[in-house]
Amino acid sequence: MGDTAETAAAAGAADKKQDRTAAKLAKQIGAFAKKHGGAEGQLAHIGQAGTRIVLVGTDGGWGDLVAPTFATAQLAAEKAGLTLHEEFDGEFAARVRTGPYEWTRMAGIQLGGHEN
């Protein structure tokens, strides 16, 4: 009987931690959306590190957050009211606006450009 109670207590503590983490991420998603006139996103598994929440603002600004699990990322997106895309396809990716920093990071180093 004691093992069942301990297991339930541990599960409850894990759920509370997931809720706190999701709430924190949802707050960050909301701040991003407010700054960029709204936002949509996509969830991407990144192995043991967790799940990346890729955000694309209405103005083309972009960013990402990392959640410890896919379930936490889904919960955060739900709490923030974030519209999720199944894939980061061409139409969604075309909304992203990049600047000089991104271009030097993506291609500049490989082409002999300055490191950031």
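Residues numbered from 1 in each chain as written. Predicted model: local features only at pLDDT ≥ 70, side-chain atom pairs only at ≥ 80, totals over all residues. Heavy atoms only, no water.

*Asks:* In this structure, what is going on with the sheet that holds strand β2 (residues 51-57)? I would like to understand it.
*Replies:* Consider a sheet: its strands pair through backbone hydrogen bonds, and that pairing is either parallel or antiparallel. Pairing in this open sheet of four strands is mixed, and the strands run β3-β2-β1-β4 from one edge to the other. Whereas interior strands pair on both sides, the edge strands pair on one side only; in this sheet they are β3 (62-67) and β4 (83-85). Across this sheet, the average inter-strand angle for adjacent strands is 30°, counted without regard to direction. (Pairing = 2+ DSSP bridges. Helix = DSSP H or I, 4+ residues; strand = E, 2+ residues; numbered from the N terminus. Axes fitted to C-alpha atoms, helices over the stretch in contact; angles between N-to-C directions.)

*Asks:* Explanation requested: the nonpolar core in the structure shown.
*Replies:* The nonpolar side chains of a soluble globular protein tend to be buried, and buried together. One finds L25, I29, I53, L55, L65, A76 and L82 to be the most contacted residues of the largest nonpolar core, which totals 15 residues. At the level of elements, α1 (2-35), β1 (39-45), β2, β3 and α2 (70-80) are the ones that each hand at least two residues to this core. L82 has contacts with I29, A39, E40, G41, I53, L55 and A77, leaving out every residue within four places of it along the chain. (Core = buried A, V, L, I, M, F, W, Y, C linked by side-chain atoms within 4.5 Å. Buried < 20%, exposed > 50% of the residue type's maximum accessible area, 1.4 Å probe, protein only. Contact = heavy atoms within 4.5 Å.)

*Asks:* What is the right way to look at the confidence of the model for the protein chain in this model?
*Replies:* Note: predicted coordinates in regions of low pLDDT should not be interpreted at a detailed level. On average, residues of the protein chain score 86 in pLDDT, and 81% of them reach the 70 mark or higher. Least confident of the elements in the protein chain is helix α4 (residues 100-108), whose mean pLDDT is 68; most confident is α2, at 97. (pLDDT = per-residue confidence, 0-100.)

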